[in-house]
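Architecture and fold: a report
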There are 2 protein chains.
Amino acid sequence: MHGWRAFCCQFAVAVMVGTPVSPLAPAAFPVMPAVGGLRLATAAAGIRYQGRDDVMLAELSPGSTVAGTFTRSLCTAAPVDWCKDALAASGGRGRAIIVNSGNANAFTGAAGYRVAEHTAGSVAGALGAQPYEVMVASTGVIAEDLPVERIDAALPSLVAGLSAPDPQAWEAAAAAIGTTDTFPKAASAPVDGTGAHVAGIAKGSGMIAPDMATMLAFVFTDLAVDPLTAQECLASSVEKSFNRVTVDSDTSTSDTVILAATGSSGRSAGLHTAYFREALDAVTLDLAHQIVRDGEGATKFVAVTVTGAADDAAADAIARAVADSPLVKTALAASDANWGRIVAAVGKAGQRADRDRLSIWIGDEQCAEGGIPHPGYSEETAIEHLLGDEIELRVDVGVGDGEATIWTCDLTHGYIDINAGYRT
Amino acid sequence: MHGWRAFCCQFAVAVMVGTPVSPLAPAAFPVMPAVGGLRLATAAAGIRYQGRDDVMLAELSPGSTVAGTFTRSLCTAAPVDWCKDALAASGGRGRAIIVNSGNANAFTGAAGYRVAEHTAGSVAGALGAQPYEVMVASTGVIAEDLPVERIDAALPSLVAGLSAPDPQAWEAAAAAIGTTDTFPKAASAPVDGTGAHVAGIAKGSGMIAPDMATMLAFVFTDLAVDPLTAQECLASSVEKSFNRVTVDSDTSTSDTVILAATGSSGRSAGLHTAYFREALDAVTLDLAHQIVRDGEGATKFVAVTVTGAADDAAADAIARAVADSPLVKTALAASDANWGRIVAAVGKAGQRADRDRLSIWIGDEQCAEGGIPHPGYSEETAIEHLLGDEIELRVDVGVGDGEATIWTCDLTHGYIDINAGYRT
């Protein structure tokens, strides 16, 4: 249809067969555990992409709980609205998650909501559940009607294909939900002392051309977790992971993270909630970092840590200002120890900082101290750190005890290539 | 010293002889009026650049008033601190403005302030004024000591060269304060019914590599304007001009706008204040637009207008979110009518908007209406508009009467080239 879309499709397909993969990608897809009470299936519904699976169904055993966190965008996509309504109606009980790639069902008005509702109804019918027990997520082009009949048509083979998630099934599920992702994303962690696991998949690599794209993550556990605890643990975990990464400061209309707890391990979070949190936090942080590692055009994985701020919220705002600064990001792309740009970003964050107490580190090398260049600063040592692909920047703003870390990537020609390709 | 700096110097010099000039630059330097009571001079002090003037002195006749607005950065450069102190001490009276390019005197601690103070003292001594009657501005590399002795050495020839500003003197002054600007910037307007003029020069093209750069503007009038009126008119004018443009969302530590009123026309603002405001607003807006037209890598001049917001501040925030979105800016670079990215930017602005009342125009072509694609939308017509180099985007968010326009440019490979060149 358009050169761009053709490119996009081709790329997404290429991705799924393994090339061109981000230079920051993990060496291999991780070995993923079985999670009792969960069955996965994927299918090729041909919604937009050809020659690849584009629908993923996760079935949860009866009695499972679900929790969700969603984009803060005020222009939410229809599936986000559906999930919020469904969670309210079910009180946090769920039986399935259905996800399609290729079409985001966003900016589709009231008709878009009916499509999400219809999809939930079809899945519920096939699995003997209630529509409001089905979470729906969509990612891909916007402002085009989602051809819901193609999901309906794929549903019988999806249901027939449901199986306990072996490593291959996890990878197929992670691949099916991807758009221009260059590698499928998954992570897991055991919940200490319970024999249960937390395991999840995610997609996202910035807001992806030619359309709005999206960060989606689906995290599962075979622990029993009551709905309130699940929602609280998820919200807290997302705050420390997905909400602390930024590729290009742009927010999707469709961002969705769903936690599903099947309880099939026979163990309940209860007394183990602290261990559950630990495992959940490890999984969400790992997935969030993988999204940054697949950032459009990224060649550096960057941690920006701010200490000494008025409070943690101030530290967060300053770290974000540094992480989102195009000037900082282009300097990182060039391995340029241009820490003056960090000073500027701190200054524009609008948070209390004392210019004359400001200290800055690139890796372990201190560039500035007390508002002037550090006397022992070696630009060579700083550049040596910047030539690697795992970068640490630290700023102490000298006014309090607030701390925060934001993860981001550099800004390169690759980002422009991906996002400014000519469609016509 | 570094490849980057060598490049930067070469570029800056090349700029001043006219190449490579931004494709959005005006056809020629404007014809500028004489402004009574003002004398200008430039000199080559060799602060960093070689083979070009890098110091500009503006002398104001006795009794002149000055007003200033400065960066909101919390990490201000020393000259900004000096100007604020001097304005407070003088009550808004001034006799001179001294500006150097090549070194920003920023992140230089207490020593940096003493340098700014010393510079003001030297100029004051040469002109028979008080130090606090001298405004100082610096732009260029940061975190390096400004070699103030070079300004001192250039001062006698500066003072000897002071002359009423003919067109050549205006252009020389605009060029001397530039760094990586690709063309010198000036604008003027008559004050209706007075015979007086407002005339100004500016520099800036984003925060310029390899250092923090800066937006500086110096605006003069031969009307008499009392200090309070001058400050109030300037603040209001800056709010509608320089504070409504964005190249890359980055804020300099040194941004400075000075208004100087000599009164030598024998006419006072007084009853003519409305006309004075009109002329001042025209000059600041023209200069602000010229800065966007010299945006790093810019190939499109873009006006983003938001209507129907809860109030003007909300409209401003939404327009900024669109104008600063890397995804919108890269789409514009590609003449890609990807208005889904505008929806996403509106959604992330955090201001009240009704997704189901959202309407979007590219030029005169309506893309979306009431939260869904407009039935008569022609992508071809939208692209035709985007292929030009003057772009208008409009969003109506459907909740109130708030309006705002923000001016910006596109995000291209040129921006990455300029900001991510390897220094080593």
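All figures in this text were calculated on a predicted structure; none of them were measured in a lab.

The rules we used
- Residues numbered from 1 in each chain as written.
- Chains lettered and ligands numbered in written order.
- Predicted model: local features only at pLDDT ≥ 70, side-chain atom pairs only at ≥ 80, totals over all residues.
- Heavy atoms only, no water.
- Helix = DSSP H or I, 4+ residues; strand = E, 2+ residues; numbered from the N terminus.
- Rg over C-alpha atoms; globule rule 2.2 N^0.38 Å.
- Buried < 20%, exposed > 50% of the residue type's maximum accessible area, 1.4 Å probe, protein only.
- Contact = heavy atoms within 4.5 Å.
- Areas by Shrake-Rupley, 256 points an atom, 1.4 Å probe, with all protein chains shown as cover.
- Polar contact = N/O pair within 3.5 Å; in protein donor to acceptor, adjacent residues only side chain to side chain.
- Pairing = 2+ DSSP bridges.
- Axes fitted to C-alpha atoms, helices over the stretch in contact; angles between N-to-C directions.
- Expected span 1.5 Å × (residues − 1).
- pLDDT = per-residue confidence, 0-100.
- Parallel < 35°, antiparallel > 145°, perpendicular 65-115°, else oblique.
- Left-handed = near helix turned anticlockwise from the far one by under 90°.
- Salt bridge = Lys/Arg side-chain N within 4 Å of Asp/Glu carboxyl O.
- Phe/Tyr/Trp six-rings, centres within 6.5 Å; stacked < 30°, edge-to-face > 60°.
- Lys NZ or Arg CZ within 6 Å of the ring centre and 35° of its normal.

1. Digging into the overall build of chain A
Each helix and strand in chain A was counted, giving 12 helices and 16 strands. Against the compact-globule benchmark of 22 Å for 424 residues, chain A has a radius of gyration of 22 Å, which places it among compact chains. Sorting the 424 residues of chain A into buried and exposed places 65% on the buried side. In chain A, the share of contacts with a sequence separation of at least 24, taken over all contacts with a separation of at least 6, comes to 81%. Working note: accessible area of chain A is about 13,800 Å², and carbon and sulfur atoms make up 53% of it.

2. Focus on the side chain of T139 of chain B
All names here are of chain B. One can find T139 in strand 5 (residues 134–141). In this structure T139 comes out as buried when scored by relative accessible area, which is 0%. Polar side-chain contacts of T139 include one of 2.8 Å to the side chain of K203.

3. What about the sheet that holds strand 6 (residues 185–190) of chain B?
Residues and elements named next belong to chain B. Taken in spatial order, the 5 strands make up an open sheet running 3-10-8-7-6, and their pairing is mixed. If you trace the sheet from one side to the other, it starts and ends with strand 3 (65–70) and strand 6, each paired once. Here the average twist between neighbouring strands, direction ignored, is 15°. Sheet strands touched by helix 5 (residues 167–176): strand 6, strand 7 (197–203) and strand 8 (216–221). Its angle to strand 7, the strand with the most contacts, is close to 35°. Packed onto the sheet, helix 7 (residues 273–293) meets strand 6, strand 7, strand 8 and strand 10 (256–261) and runs at close to 160° relative to strand 6.

4. A look at helix 6 (residues 227–240) of chain A
Between its first and last C-alpha, helix 6 of chain A extends 20 Å over 14 residues, near the 20 Å set by a 1.5 Å rise per residue. Along its buried surface, helix 6 of chain A packs onto strand 3 (65–70), strand 10 (256–261) and helix 7 (273–293) of chain A.

5. A look at the pairing of strand 8 of chain B
Residues and elements named next belong to chain B. Within strand 8, 6 of the 6 residues are buried, which leaves it mostly tucked inside the rest of the structure. Because side chains alternate across strand 8, one face comprises the buried residues L216, F218 and F220, and the other comprises A217, V219 and T221, equally buried. Where strand 7 lies against strand 8, 6 bridges are found, and the strand directions are antiparallel. Counterpart to A202 in the pairing with strand 8 is A217.

6. A few points about the confidence of the model for chain A
All names here are of chain A. Model confidence for chain A is summarised by a mean pLDDT of 88, while 92% of its residues fall at 70 or above. Note that residues 1–19 has pLDDT below 50 and, in this model, 41 contacts with residues that lie over four places away or in other chains. Segment residues 207–212 is flagged for pLDDT under 50; beyond a separation of four residues in sequence, or across chains, it makes 39 contacts in the model. The complex model carries a pTM of 0.81, and its ipTM stands at 0.72.

7. Here's the deal with the pairing of strand 2 (residues 55–60) of chain A
The side chains of a regular strand alternate between the sheet's two faces. Residues and elements named next belong to chain A. Counting buried residues along strand 2, 6 of its 6 residues qualify, which places the element largely inside the surrounding structure. Relative to strand 2, strand 1 (residues 38–43) runs antiparallel, the two being bridged by 6 bridges. Within the sheet, the bridge partner assigned to T42 lies in strand 2 and is M56. Inspection of the sheet shows strand 2 paired to strand 4 (residues 96–103) by 5 bridges, in the antiparallel sense.

8. Considering helix 2 (residues 78–90) of chain B
All names here are of chain B. In a regular helix each residue adds 1.5 Å, so 13 residues correspond to 18 Å; helix 2 covers 18 Å between its end C-alpha atoms and thus fits that length. Within helix 2, the full set of buried residues consists of A78, P79, V80, D81, W82, C83, A86, L87 and S90. For helix 2, the elements touching its buried residues are strand 3, helix 3 (109–127), strand 5 and strand 10. Positive phi shows up at G91, right after helix 2, with a value of about 65°.

9. Examining the sheet that holds strand 12 (residues 359–362) of chain A
Strand order across the open sheet formed by 7 strands is 9-16-11-15-12-13-14 (chain A), with mixed pairing between neighbours. Because the sheet does not close on itself, it has two edges, and the strands there are strand 9 (245–246) and strand 14 (372–373) of chain A.

10. Considering the packing of helix 3 (residues 109–127) of chain A against helix 4 (residues 148–160) of chain A
All names here are of chain A. Two elements in contact, helix 3 and helix 4, have axes separated by 10 Å at closest approach and are oriented at 20°. It follows that helix 3 is roughly parallel to helix 4 by the angle criterion. For the crossing formed where helix 3 meets helix 4, the hand is right-handed. Here helix 3 contributes V115, H118, T119, S122, V123, A126 and L127 to the contact with helix 4, which in turn contributes V148, I151, D152, L155 and V159.

11. Let's talk about the pattern of salt bridges
Residue and element names in this part refer to chain B. Tallied over the entire structure, the rule returns 26 salt bridges over all chains. The closest approach of N and O atoms between E59 and R39, which form a salt bridge, is 2.7 Å. One end of the pair, E59, is in strand 2 (residues 55–60); the other, R39, is in strand 1 (residues 38–43), with 20 residues separating them in the sequence. For E59, a relative accessible area of 12% puts it in the buried group. Take R39: its relative accessible area is 35%, and that puts it in the partly exposed class.

12. Side note on the environment of A349 of chain B
All names here are of chain B. Mapping A349 onto the fold places it in the loop between helix 10 (340–348) and strand 12 (359–362). Owing to a relative accessible area of 18%, A349 belongs among the buried residues under this scheme. Along the primary structure A349 and A315 are separated by 34 residues, whereas in three dimensions their C-alpha atoms are 9.6 Å apart. When near neighbours in sequence (up to four residues on either side) are disregarded, A349 contacts A317, I318 and A321.

13. Quick notes on the packing of aromatic side chains
The final tally for this structure, using the stated rule, is 8 aromatic pairs over all chains. Through successive ring pairs, a cluster of aromatic residues spans F107 of chain A together with W339 and Y377 of chain B. The ring of F183 of chain A has K185 of chain A lying over it, and the distance from NZ or CZ to the ring centre is 4.4 Å.

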